[in-house]
Amino acid sequence: MNSIFIYKKIDGEIIITGLQEGVAETAIVIPETIENIPVVEIGPKAFEFSTITDIKIGKNIRKIEKEAFAHCRKLSSVIWNCKCNAIPDNCFYRCTELKKFDFTAIKRVGQYAFGESGLQEVYIPQNIEMIGIGAFNICSKLHSVTWNGTCDVIPTSCFYLCSNLKSFNFSAIKKVGQYAFGESGLQEVCLPKNIEIIENEAFSGCSELHSVTWNCKCNAIPANCFYECVNLKVFDFSTIKEVGQYAFYKSGLQEVRLPKNIEIIYERAFGECCELQSVKWNCKCDAIPDYCFCNCTKLKQCEFLGIQKIGRYAFERSCLQEVDLPETIKEVSVGAFRKCGELQSATWPHKCDVIPADCFAGCLKLTQFDFSNAKKIEQYAFGNSGLQEVRLQKNIESISNEAFCGCSKLHSVTWRCQCDVIPNACFERCSNLKQFDLSNVKKIEAYAFGRSGLTSVTLSKKNEVDQNCFAYCNDLEKIEWLSDRNIEKNIFAECKNIKEIFISDSVMDIAVDAFASSPNAEISFV
């Protein structure tokens, strides 16, 4: 039997480093001696990828190195009677036929020691002091774990992708490591008072998880904790102070009630919860964080009482039908209600005088808006929205580029604001906007009315125009140029249906191709 091993002699002792080529035996017993020299160690990767089915390790072995039996896909029986009480890293990695292991002589289990193995049951006795990262990860047949060890920490990725592990008793645990049960088959989780720490992603991707009882000392739900737990419909936040980023992202929550004990909520905490229909925000946290409810496509209502700030894209693509922002709100951030396709009504608070960029962009059912509490409208704030009428009074001090770009239903604009510049692309592609009173306007910037539905344009002496400001207005039939400014090319570029052009006789210069796209237009000087 001794001749089947490859080995080396060091200081009067034998270290087995592998099997000889062509060895037919599959039931292997590690001998006490070779050449009358004691065998004391099994070297790294000694039996890796071998076809052994059984291994018996006697008391003479005091050390076993990493990956000693890794990838032994036929190994089904291990007798571990050696002095070595530590299972090294990756020792039985991918031993897919190894269904059980006796841990009674073990104190330490190394990293990925049984990763992707065939273990079906694991019993951790009191003698176990330490378990390494990913020790049992991707054990797809593992269905039962009993944890009685002195080790009270479930390490990172310990039971990751153990898809048949439906339950776990946490009564002996103080800490649950990162991704410890990620994408496992857990269906219920009861976290008792003994648990002090839960790390990020602990239960992330547990698609069968439908019930969580959170009674532990840890009052912070860590980042990504229940990410993609699609069957988790309800959660009791009564013991929680902090909700981490992505904590319930893409989960199955249907209702969120946030009580006063909650002090802080981080970004995307409830993003893409496609079954979420109702939110009651009664917590101490007065800021709805960035992307908090983005893509919650069934969220129809949210109570904003006590809120002072709404973060970036907080409700983007949600199903909100009405937004009534109370006077407590001081700031609304970029894209807060962007592409809320069902939003029909929005009330803007007095203390918040800036409508931020992208705020209501793509809100196709938002047909009207009261601007009386606003001072500033930022870029694309109502771009591609359903606004039909816009009344801008003296309270408006500033309007940015593309503010109403693409509002295809917009047919009426009253411009009486302090801002006397119509910015770049402000009403571009407003195809139903047929008329516009420019009497309160000093300057019209590039593409301000590009591709709009204007049928006539009257420009007075005070109107300054940039190139392309009326470009591609195919419904434009009449132009009255009463200014003494020169008419440059491209102001009316590609306006192909102009029929009448009235030009002040004080105009000194007209570009040769100023009206080239409408060669049949009748030009008169007045």
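Residues numbered from 1 in each chain as written. Predicted model: local features only at pLDDT ≥ 70, side-chain atom pairs only at ≥ 80, totals over all residues. Heavy atoms only, no water.

Caption draft 1: Seen up close, the overall build of the chain. For the chain, the helix and strand inventory stands at zero helices and 41 strands. Here the chain has a C-alpha radius of gyration of 36 Å; the compact-globule value for 526 residues is 24 Å, and the former is much larger. Across its three principal axes, the chain shows a C-alpha extent of roughly 120 × 55 × 35 Å. A total of 526 residues make up the chain; the buried ones form 50% of that total. (Helix = DSSP H or I, 4+ residues; strand = E, 2+ residues; numbered from the N terminus. Rg over C-alpha atoms; globule rule 2.2 N^0.38 Å. Buried < 20%, exposed > 50% of the residue type's maximum accessible area, 1.4 Å probe, protein only.)

Caption draft 2: Summary view of the nonpolar core. Counting residues in hydrophobic clusters, the biggest one holds 177 residues, and the most contacted among them are Phe69, Phe136, Phe203, Phe270 and Phe337. Ignoring any residue separated from it by four or fewer positions in sequence, one finds Phe136 in contact with Phe103, Phe114, Leu119, Val122, Ile124, Ile131, Leu142, Cys158, Phe159 and Cys162. (Core = buried A, V, L, I, M, F, W, Y, C linked by side-chain atoms within 4.5 Å. Contact = heavy atoms within 4.5 Å.)

Caption draft 3: The arrangement of the pattern of salt bridges in detail. Scanning the entire structure with this criterion turns up 19 salt bridges. Across the pair Lys217 and Glu196 runs a salt bridge whose closest N-O atoms are separated by 3.9 Å. Highlighted residues: Lys217 in the loop between strand 18 (211-214) and strand 19 (220-221) and Glu196 in the loop between strand 16 (188-191) and strand 17 (197-198), separated in sequence by 21 residues. Given a relative accessible area of 39%, Glu196 falls into the partly exposed group. (Salt bridge = Lys/Arg side-chain N within 4 Å of Asp/Glu carboxyl O.)

Caption draft 4: Representation of the sheet that holds strand 23 (residues 278-281). In space, the three strands of this open sheet follow the order 21-23-25, with parallel pairing throughout. Edge positions in the open sheet fall to strand 21 (255-258) and strand 25 (301-303), since each of these has one partner strand only. In this sheet, neighbouring strand axes are inclined to one another by 5 degrees on average, regardless of whether the strands run parallel or antiparallel. Two strands pair when backbone bridges link them, and strand 21 and strand 23 are joined in this way by four bridges, in the parallel orientation. Bridge pairing in strand 23 links Leu258 to Trp281. (Pairing = 2+ DSSP bridges. Axes fitted to C-alpha atoms, helices over the stretch in contact; angles between N-to-C directions.)

Caption draft 5: Structural detail: empty space enclosed by the protein. A full pass over the atoms with the stated rule returns one cavity of 30 Å³ or more. In this structure, the largest cavity occupies an estimated 30 Å³ of space. Residue lining of the largest cavity: Phe436, Leu438, Phe449, Leu454, Ser456, Val457 and Phe470, and that is the complete set. (1 Å grid on protein atoms, 1.4 Å probe; cavity = no way out; pocket = protein on both sides within 12 Å on 5 of 7 lines; lining within 4 Å. Points joined across faces, edges and corners; volume = space filled by probe spheres on them.)

Caption draft 6: Spatial organisation of the sheet that holds strand 12 (residues 130-131). The strand order across the open sheet built from three strands is 9-10-12, with neighbouring strands paired in parallel fashion. The sheet terminates laterally at strand 9 (86-87) and strand 12, the two strands that pair on one side only. As defined by bridge partners, strand 9 adjoins strand 10 (residues 108-109) across two bridges and the pair is classed as parallel. Paired with Ile87 across the bridge in strand 10 is Val109.

Caption draft 7: Region of interest: the pairing of strand 39 (residues 478-481). Taking every second residue as pointing to the same face, the buried face of strand 39 carries Ile479 and Trp481, while none of Lys478 and Glu480 on the other face is buried. Across four bridges, strand 37 (residues 456-459) lies against strand 39 in parallel orientation. Bridged to Thr458 within strand 39 is Glu480. The pairing of strand 39 with strand 40 (residues 500-503) spans four bridges and is classified as parallel. Bridge pairing in strand 40 links Glu480 to Phe502.

Caption draft 8: View of the packing of aromatic side chains. Going through the model one piece at a time under the given rule, you end up with 62 aromatic pairs. Both rings, one in Phe360 and one in Phe382, keep their centres 5.4 Å apart while their planes meet at 20 degrees; by these two values the pair is stacked. Of the two residues, Phe360 sits in the loop between strand 30 (354-355) and strand 31 (376-377) while Phe382 sits in the loop between strand 31 and strand 32 (389-392), which places them 22 residues apart along the sequence. Residue class for Phe382 comes out buried when judged on its relative accessible area of 0%. (Phe/Tyr/Trp six-rings, centres within 6.5 Å; stacked < 30°, edge-to-face > 60°.)

Caption draft 9: The arrangement of the environment of Ser431 in detail. Note that Ser431 resides in the loop between strand 35 (421-422) and strand 36 (443-444). The partly exposed category is assigned to Ser431, whose relative accessible area is 35%. Spatially, the C-alpha atoms of Ser431 and Leu305 are 39 Å apart, while their sequence positions differ by 126 residues. Apart from residues lying up to four places away in sequence, Ser431 is in contact with Cys407, Ser408, Ser452, Gly453 and Asp475.

Caption draft 10: Broad picture of the pairing of strand 11 (residues 121-124). Side chains Val122 and Ile124 project from strand 11 onto a buried face, and the interleaved Glu121 and Tyr123 project onto a face without burial. For strand 11 and strand 13 (residues 144-147), the ladder comprises four bridges, and the chain directions are parallel. Bridge pairing links Ile124 to Trp147 in strand 13.

Caption draft 11: Summary view of unusual backbone geometry. Positioned with a positive phi, Glu228 is a non-glycine residue whose angle comes to about 60 degrees. Assessed through its relative accessible area of 34%, Glu228 is described here as partly exposed. Positioned with a positive phi, Arg429 is a non-glycine residue whose angle comes to about 65 degrees. Mapped onto the elements, Arg429 comes out in the loop between strand 35 and strand 36. Take Arg429: its relative accessible area is 35%, and that puts it in the partly exposed class.

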